[in-house]
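# Understanding the architecture of this molecule
Chain by chain, the residues run as shown.
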Amino acid sequence: MDKLSRRDFSITLGRGLTSAALLGGTALACANTNTQNKTKLGVALVGLGSYSTGQLAPSLQVTDHCYLAGIVTGTKEKETIWKQKYDIRDANIYNYENFDNIADNPDIDIIYVVLPNSMHADFCIRAAKAGKHVICEKPMAVSVAECDAIIAACKEANVKLSVGYRMQSDPYTNEVKKYVKEKTFGEVTFVSSDAAYISRGNPEQWRLNRALSGGGALVNMGVYSIQTSIYGAGQNPISVSAQEFSTRPDYFKDTDETITAQFEFANGAVAHMMTSHNANGNRLKVHGDKGWFELEPAHSYGPISGRTSKGNEIKFPHKRQQALQMDDFSKHILKDTVNVAPGEMGKRDMIIVEAIYKSIAEGGKKQPLNLGRMGIVS
Ligand code: NAD
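The residue numbering used here restarts from 1 in each chain and proceeds along that chain's sequence as written. Under the rules for a predicted model, residues below a pLDDT of 70 receive no local features and side-chain atom pairs below 80 are neither given nor counted, while totals for whole chains, interfaces and linings still include all residues. The side-chain quantities take in all heavy atoms of the structure and omit both hydrogens and water.

## A closer look at the overall build of the protein
Cut-off, in case you're wondering: Comment: elements are numbered from the N terminus, with helices defined as DSSP H or I runs of at least four residues and strands as E runs of at least two. With C-alpha atoms as the basis for the radius of gyration, the globule rule is written as 2.2 Å multiplied by the number of residues raised to the power 0.38. Here the term buried applies to any residue with accessible area under 20% of the maximum for its type, exposed to any over 50%, and partly exposed to those in between, with areas from a 1.4 Å probe on protein chains only. Throughout, a residue-residue contact means that at least one pair of heavy atoms, one from each residue, lies within 4.5 Å. Methods summary: accessible areas were calculated by the Shrake-Rupley approach with a probe of 1.4 Å, and residue burial reflects only the protein chains presented. Only four residue types enter the charge count: Lys and Arg as positive, Asp and Glu as negative, with His and the chain ends excluded. One atom stands in for each charge, and that atom is NZ of Lys, CZ of Arg, CG of Asp or CD of Glu.
Of regular secondary structure, the protein possesses ten helices and 15 strands. Taken over C-alpha atoms, the radius of gyration comes to 20 Å for the protein, in line with the 21 Å a tight globule of 378 residues would show. Here the C-alpha coordinates of the protein stretch approximately 60 × 45 × 40 Å along the principal axes. Buried residues in the protein amount to 58% of all 378 residues. When contacts within the protein are restricted to residue pairs at least 6 apart in sequence, long-range pairs at least 24 apart make up 72% of them. Taken as a whole, the protein presents about 15900 Å² of accessible surface, with 52% of it coming from carbon and sulfur. Of the side chains in the protein, 43 bear a positive and 40 a negative charge, and the two mean positions are spaced by 3 Å.

If you want it as structure tokens, here you go:
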């Protein structure tokens, strides 16, 4: 079986969320992974699609604190290919049906869920119930309620949780945060962020199917614009207004094509974001009252490129973001360092996503946001 059918999926999702809902009444579970004497943690990838194949597995060959230990796939042929390519033990190969047995496998410390968005909650909750630490790909889920269920399940099982926000481990992101914090270009007044690409592929793909994706460009690339708007401004927004546009309604039947949104911040600063599945955009520009800086490309796998109003280039040696990201999470587990992309960050972004869709549904009406410092990691 290549894919979980929609029917199977709704059954498993129902089971996952029901179990999450029940978690509150159960005794406190414990992480089912003994990482105490380990220097490298075993990662199991769930879903061997293009991101796992092209980015995560190669990155796990160059990580210092974790390695590719296992796989979970619905495709029999992939079991053989991955086993040979990455020397994976038979005992560490699972399918979607026997996935829960992973609880008994001491080789697996971290389960990384890389499935279509609407399947994240079910598999993250099951991973937590198996006592394993969890990385959930972005967007964290398809609703705030699902984010809450994942966070609750991880808390109940006493396992760590992070979102696959690779940019949070990229040195360029830390540089942006530093500029804003140290007011290198003065007080931030205006942020502009675009994260977009043109989709011309199979119209049946899951990203264009709302039941599987939870939305279109906004949940796919838009979460990057939300993230850069926030770290570009150095704070969470207090309101958002949004607009949706479509020039190819026959192709984008079920999901949003292009969305623009404006964020207001407590100090009067403003951010404008654009995301699209029908235009290209990959840029962050931050204006302060003493100058500006810009990253373009700003959200790709790298190398990122940047410049400032002082005439200098922003430049760091290129490293695989996904390797940095998985090492950061492993260090968080092994050495109690900061979790740079915690579940609360994924939940905060989903609160903003829901507010953007609400604003669009209400003709662009401004939606207040009451986020405080939620999800801000300095
Ligand atoms: P993909 O379509 O290439 O792979 C999806 C995988 O899920 C495949 O192995 C497929 O067989 C499996 N699957 C199981 N049930 C399915 C179903 N009912 N329908 C469709 N596929 C099903 O997708 P991808 O690009 O690898 O994306 C997977 C996740 O990773 C998504 O959440 C996406 O947002 C995220 N992602 C993140 C980044 C990033 O930069 N952080 C980049 C790409 C993708």
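## Examining helix H8 (residues 217-233)
Owing to its 3.6 residues per turn, the α-helix brings residues three or four apart onto one side. Our working rule: Multiply 1.5 Å by the residue count of a helix minus one, and that product is the helix's expected span. Throughout, the bend at a residue refers to the angle made by two axes, fitted to the seven residues ending there and to the seven starting there.
The terminal C-alpha atoms of H8, which comprises 17 residues, lie 22 Å apart, in line with the 24 Å expected from a rise of 1.5 Å per residue. The sharpest bend along H8 comes to roughly 40°, located at Val223. Summarising burial for H8: 17 of the 17 residues are buried, a large majority. The first or second residue beyond H8 is Gly234, which carries a positive phi of 75°.

## Concerning the site of the ligand
Applicable threshold: In these notes, residues near a molecule or strand are those with any non-hydrogen atom within 4 Å of it. Between N or O atoms, a polar contact is any pair within 3.5 Å; within protein, one atom must be a potential hydrogen donor and the other a potential acceptor, and residues adjacent in sequence are included only when both atoms are from side chains. Under the scheme applied here, ten amino acids are nonpolar (Ala, Val, Leu, Ile, Met, Phe, Trp, Tyr, Cys and Pro), four are charged (Asp, Glu, Lys and Arg), and all others, including Gly, are polar. Residue ranges for the domains originate in an automatic or database domain assignment.
Neighbouring residues of the ligand: 26 residues in total, closest Asn117, Lys138, Arg166, Trp206 and Tyr224. Residue Arg207 places a side-chain N or O atom 2.9 Å away from an oxygen atom belonging to the ligand. Interatomic distance of 2.7 Å between a side-chain N/O atom of Tyr224 and an oxygen atom of the ligand. Taken together, the residues of the shell around the ligand sort by class into 13 nonpolar, six polar and seven charged. Of the residues that make up the shell around the ligand, three or more belong to each of domain 1 (6-159) and domain 2 (167-316 + 343-374).

## So, the sheet that holds strand E7 (residues 188-198)
Which entries qualify depends on this criterion: DSSP calls a pair of strands paired once it identifies at least 2 bridges connecting them. Think of each axis as a best-fit line through the C-alpha atoms, taken over the contacting stretch in the case of a helix, with angles from 0 to 180 degrees between the N-to-C directions.
Reading across the sheet, the nine strands line up as E14-E13-E12-E11-E7-E10-E9-E8-E15 and stay open at both edges, with mixed pairing between neighbours. Unpaired on one side and paired on the other, strand E14 (313-314) and strand E15 (367-368) mark the two borders of the sheet. Both E7 and strand E11 (residues 278-288) contribute to a ladder of nine bridges, which runs antiparallel. Within E11, the residue paired with Phe190 across the bridge is His287. Seen against the sheet, H8 touches E7, strand E9 (258-264), strand E10 (270-276) and E11 and runs at an angle of roughly 160° to E7. Contacting strand E8 (239-245), E9, E10 and E15, helix H10 (residues 343-361) runs over the sheet at an angle of about 60° to E8.

## Let's talk about the environment of Lys85
Tracing the backbone shows Lys85 in helix H3 (residues 76-86). Relative accessible area serves as the criterion here: at 60%, Lys85 is assigned to the exposed category. C-alpha separation for the pair Lys85 and Tyr357, spaced 272 residues apart in sequence, amounts to 43 Å.

## Points about the sheet that holds strand E3 (residues 93-94)
Taking strand neighbours across the sheet as the criterion, the six strands line up as E3-E2-E1-E4-E5-E6 in an open arrangement whose pairing is parallel. The open sheet terminates on both sides in strands that have one partner only, identified here as E3 and strand E6 (161-163). Here three bridges tie strand E5 (residues 133-136) to E6, and the two strands are oriented parallel to one another. Bridge assignment links Ile135 to a residue of E6, and that residue is Ser162. Helix H2 (residues 50-59) contacts strand E1 (41-46), strand E2 (66-72) and strand E4 (110-113) of the sheet and is inclined by roughly 165° relative to E1. Lying over the sheet, helix H9 (residues 321-335) contacts E1, E2, E4, E5 and E6, oriented at roughly 155° with respect to E5.

## Focus on the nonpolar core
For the record, the criterion: Among the buried residues, those of types Ala, Val, Leu, Ile, Met, Phe, Trp, Tyr and Cys that are joined through side-chain atoms within 4.5 Å form a nonpolar core.
One finds Ile102, Ile150, Ile226, Phe263 and Ile356 to be the most contacted residues of the largest nonpolar core, which totals 82 residues. No other element matches H8, which puts nine residues into this core. Mapping this core onto the domain boundaries places at least three of its residues in each of domain 1 (6-159) and domain 2 (167-316 + 343-374). If sequence neighbours within four positions are ignored, Ile356 has contacts with Leu218, Ile226, Val240, Ala242, Ile259, Ala261, Phe263 and Met273.

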